Amino acid sequence: MKVLVVNCGSSSLKYQVIDSDTEQVAAKGLCERIGIDGRLTYQPAGGEKEVTDAPMPTHNEAIALVLQALTNPKTGVLKSLDEIEAIGHRVLHGGAKLTQSCIVDDDVIAAIDEASDLGPLHNPANLIGIKTCQKLMPGKPNVAVFDTSFGMTLPEYAYRYAIPTEYYEKYHVRRYGFHGTSHSFVSHETIKYLNLDPDNSKVIVCHLGNGASVSAVQNSKAVDTSMGLTPLEGLVMGTRSGDLDPAILQYLCNHEHMDINEMLTVLNKKSGVMALSNGLSSDFRDLENAMNEGNKAAGLAIDAFCYRVAKYIGAYTAAMNGVDAITFTGGIGENAGIVRKKVLAHLGYLGITMDEEANKQRGKTFVLSTPDSKVKVIVLPTNEELAICRDTVRLVNAAKA
Ligand code: AMP
């Protein structure tokens, strides 16, 4: 089955066409600057990448251009749109109602809309993507895959915040967790790769990218995860602060004469390693280069990032009363050897030893720990699009049966 996977951001859209039988990508690309001017990137498997400037006032035009590129008689990978049997959409927040991937109908659309105040930047864009695909490819099933689904198996003592119950009951204020599609995919692939027992295993996944989170996965189910009601909680990230004392908000709002929205913008966009490096960069390639040239702030940013990851690994080892495997993924986890080394340097007490030679590799699946390490540590590239494709096919086939 050929599946179009769509990931709509507020002004961008990533897409892939995946053949679910072979799990190979037939074509992929990106629409950028939607609502500003517009640029389409299209790359067929084994072919040249094409970048075209094209007006995209809305996601509507963007998706129409993607479909044109896919069916272009010269470079397209589809003879006609009929070849696409289903569309899988990444949706950020499922809220309290949408706890697992589902085929989109009017009720699902209403529930995604309802969850928009929990995901104000993404859910409206995700909905536009769904509605546009419904319009441009009528009759094809659309499947919504939520970033929050994987966190739905957390026990109540892990997902509840210690604030008055009425806020949970009235507004569903709880830990949801994000990057769920990645944590789910990577934990399952880790279990397969290391031949662990899916029903008797303890895995910690460190998804370290510009947004970053850690999850504890016991017997193939998430039991804790570091992001919360929103993606702001947990690790130090590219530009997000992660955990902090909530009283800092009032203290700084008073001193800096900011309102709470301005404060949240600081915590989401102007904090993290970007802030700790004094505005140098949120990119670990820049930070590592600067650190090697003696920039102390860049070194501090990297150390603070790694320390927080190690603290979460310690906490999640306690949450599961042990750990069999730790997996690094995401742009940083897959590529930045310095980060892996610094994180693991905190974890000698778990009997972990790292293979220095192995750590020189990047961007592929490999074992990072030495054979005698008490806990296996691996690097495994995430593939959220493939995970969305798999869920889409599973649901569409189940609906046919
Ligand atoms: P993601 O959000 O998962 O796409 O990760 C993006 C981040 O990965 C970038 O901001 C960089 O910090 C990091 N990254 C990507 N490539 C490399 C690399 N070759 N070495 C170190 N860090 C990298």
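Keep in mind the model is a prediction, meaning the values are calculated, not measured. (Residues numbered from 1 in each chain as written. Predicted model: local features only at pLDDT ≥ 70, side-chain atom pairs only at ≥ 80, totals over all residues. Heavy atoms only, no water.)

> Summarise the overall build of the protein chain; cite the residues concerned and give the values.
Assigned secondary structure in the protein chain consists of 14 helices and 14 strands. Computed over the C-alpha atoms, the radius of gyration of the protein chain is 21 Å, within 12% of the 21 Å expected from 2.2 N^0.38 for a compact globule of 401 residues. Counting only residues that meet the buried cut, the protein chain has 51% of its 401 residues in that class. Taking the intrachain contacts of the protein chain between residues at least 6 apart in sequence as the baseline, contacts between residues at least 24 apart amount to 61%. Entry remark: accessible area of the protein chain is about 18,600 Å², with carbon and sulfur atoms responsible for 51%. Across the protein chain, the mean location of the 38 positive side-chain charges is 3 Å away from that of the 46 negative side-chain charges. (Helix = DSSP H or I, 4+ residues; strand = E, 2+ residues; numbered from the N terminus. Rg over C-alpha atoms; globule rule 2.2 N^0.38 Å. Buried < 20%, exposed > 50% of the residue type's maximum accessible area, 1.4 Å probe, protein only. Contact = heavy atoms within 4.5 Å. Areas by Shrake-Rupley, 256 points an atom, 1.4 Å probe, with all protein chains shown as cover. Lys, Arg positive; Asp, Glu negative; His and termini not counted. Charge placed at Lys NZ, Arg CZ, Asp CG, Glu CD.)

> Tell me what's going on with the pattern of salt bridges, and back it up with residues and numbers.
Applying the stated rule across the entire model yields 19 salt bridges. The shortest N-O distance in the salt bridge between Arg390 and Glu23 comes to 2.8 Å. Taken together, the residues Arg390 in helix H14 (residues 384–400) and Glu23 in the loop between strand E2 (13–19) and strand E3 (24–32) connect sequence positions 367 residues apart. The partner of Lys170 in a salt bridge is Glu166, with the nearest N and O atoms 3.6 Å apart. With Lys170 and Glu166 both in helix H5 (residues 165–171) and four residues apart, the pair spans about one turn of that helix. Judged by its relative accessible area of 41%, Glu166 falls in the partly exposed class. One network of salt bridges, with partners in common, ties together Glu23, Glu189, Lys192 and Arg390. (Salt bridge = Lys/Arg side-chain N within 4 Å of Asp/Glu carboxyl O.)

> Describe the sheet that holds strand E10 (residues 212–218), with residues and values.
Across a sheet, paired strands are connected by hydrogen bonds in the backbone, their directions being either parallel or antiparallel. Reading across from one edge, E11-E10-E9-E12-E14-E13 is the order of the six strands in this open sheet, with mixed pairing throughout. A strand with exactly one partner marks an edge of an open sheet, and here the two such strands are strand E11 (221–225) and strand E13 (366–367). Of the pairings in the sheet, the one linking E10 to E11 comprises four bridges and is antiparallel in character. Within E11, the residue paired with Ser215 across the bridge is Thr225. Strand contacts of helix H6 (residues 180–193): strand E9 (202–208), E10, strand E12 (325–329), E13 and strand E14 (376–379), with the helix running at about 130 degrees to E9, the strand carrying the most contacts. The sheet contacts of helix H11 (residues 296–319) involve E9, E10, E11 and E12, and relative to E9 the element is tilted by about 160 degrees. (Pairing = 2+ DSSP bridges. Axes fitted to C-alpha atoms, helices over the stretch in contact; angles between N-to-C directions.)

> Account for unusual backbone geometry, naming residues and giving values.
Trans is the prevailing form of peptide bonds, just as negative phi is the prevailing case for residues other than glycine. Positive phi values are uncommon outside glycine, yet His257 reaches one of about 55 degrees. Tracing the backbone through its elements, the reader meets His257 in the loop between helix H7 (247–256) and helix H8 (260–269). A positive phi angle, close to 55 degrees, is found at Asn321, a residue other than glycine. Relative to the helices and strands, Asn321 is located in the loop between H11 and E12.

> Please provide a residue-by-residue account of a nonpolar patch on the surface, values included.
The grouping of Ile163, Tyr167 and Tyr171 at the surface amounts to a nonpolar patch, some 290 Å² of accessible area in total. In this structure, Tyr167 sits in helix H5. (Patch = residues over 30% accessible without salt bridge, like charges linked within 9 Å, V, L, I, M, F, W, Y side chains within 5 Å.)

> Tell me what's going on with the site of the ligand, and back it up with residues and numbers.
Every residue close to the ligand is listed here: Gly209, Asn210, Ser282, Asp283, Phe284, Arg285, Gly330, Gly331, Ile332, Asn335, Ala336 and Arg362. Arg285 is positioned with one of its side-chain polar atoms (N or O) 3.4 Å from a nitrogen atom of the ligand. Taken by itself the ligand offers 510 Å² of open surface, and the protein chains cover 71% of this. Mapped onto the shell around the ligand, the elements with two or more residues apiece are helix H10 (284–292) and helix H12 (330–335). When residues of the shell around the ligand are assigned to their parent elements, the largest contribution, four residues, is made by H12. (Near = heavy atom within 4 Å. Polar contact = N/O pair within 3.5 Å; in protein donor to acceptor, adjacent residues only side chain to side chain.)

> Give me the lowdown on the layout of surface pockets, citing residues and values where you can.
Taken as a whole, the second largest pocket encloses approximately 520 Å³ of empty space. Taken together, 22 residues make up the lining of the second largest pocket; nearest its centre are Phe150, Ser184, His188, Asp391 and Arg394. Of all the secondary structure elements, the ones that give two or more residues to the lining of the second largest pocket are strand E8 (142–146), H6 and H14. Of the residues forming the lining of the second largest pocket, the biggest block, seven residues, is contributed by H6. Split by residue class, the lining of the second largest pocket holds seven nonpolar, nine polar and six charged. (1 Å grid on protein atoms, 1.4 Å probe; cavity = no way out; pocket = protein on both sides within 12 Å on 5 of 7 lines; lining within 4 Å. Points joined across faces, edges and corners; volume = space filled by probe spheres on them. Nonpolar A, V, L, I, M, F, W, Y, C, P; charged D, E, K, R; others polar.)

> Could you give an account of helix H2 (residues 106–114), with specific residues and numbers?
One turn of the α-helix equals 3.6 residues, which is why residues spaced by three or four share an orientation. Inspection of H2 places Val108, Ile109, Ala111 and Ile112 among the buried residues, and these make up the whole buried set. Buried residues of H2 fall within an arc of 165 degrees about the axis and therefore sit on the same side. Along H2, the residues that are exposed and aim more than 90 degrees away from the buried face are Asp106, Asp107 and Glu114. Check the buried side of H2 and you find it contacts strand E6 (84–91), strand E7 (102–103), helix H3 (123–136) and E8. Where H2 begins, one side-chain oxygen reaches toward the backbone nitrogen of Asp107, 3.1 Å away; that side chain belongs to Asp105. (Arc of directions from axis to C-beta.)

> Would you mind going over the pairing of E8 in detail, with residue names and values included?
With five of its five residues buried, E8 lies for the most part within the structure. Note that E6 and E8 share five bridges and pair parallel. What sits directly across from His89, in E8, is Ala144. Across two bridges, the pairing between E7 and E8 is antiparallel.

The analysis is restricted to geometry; functional conclusions fall outside its scope.
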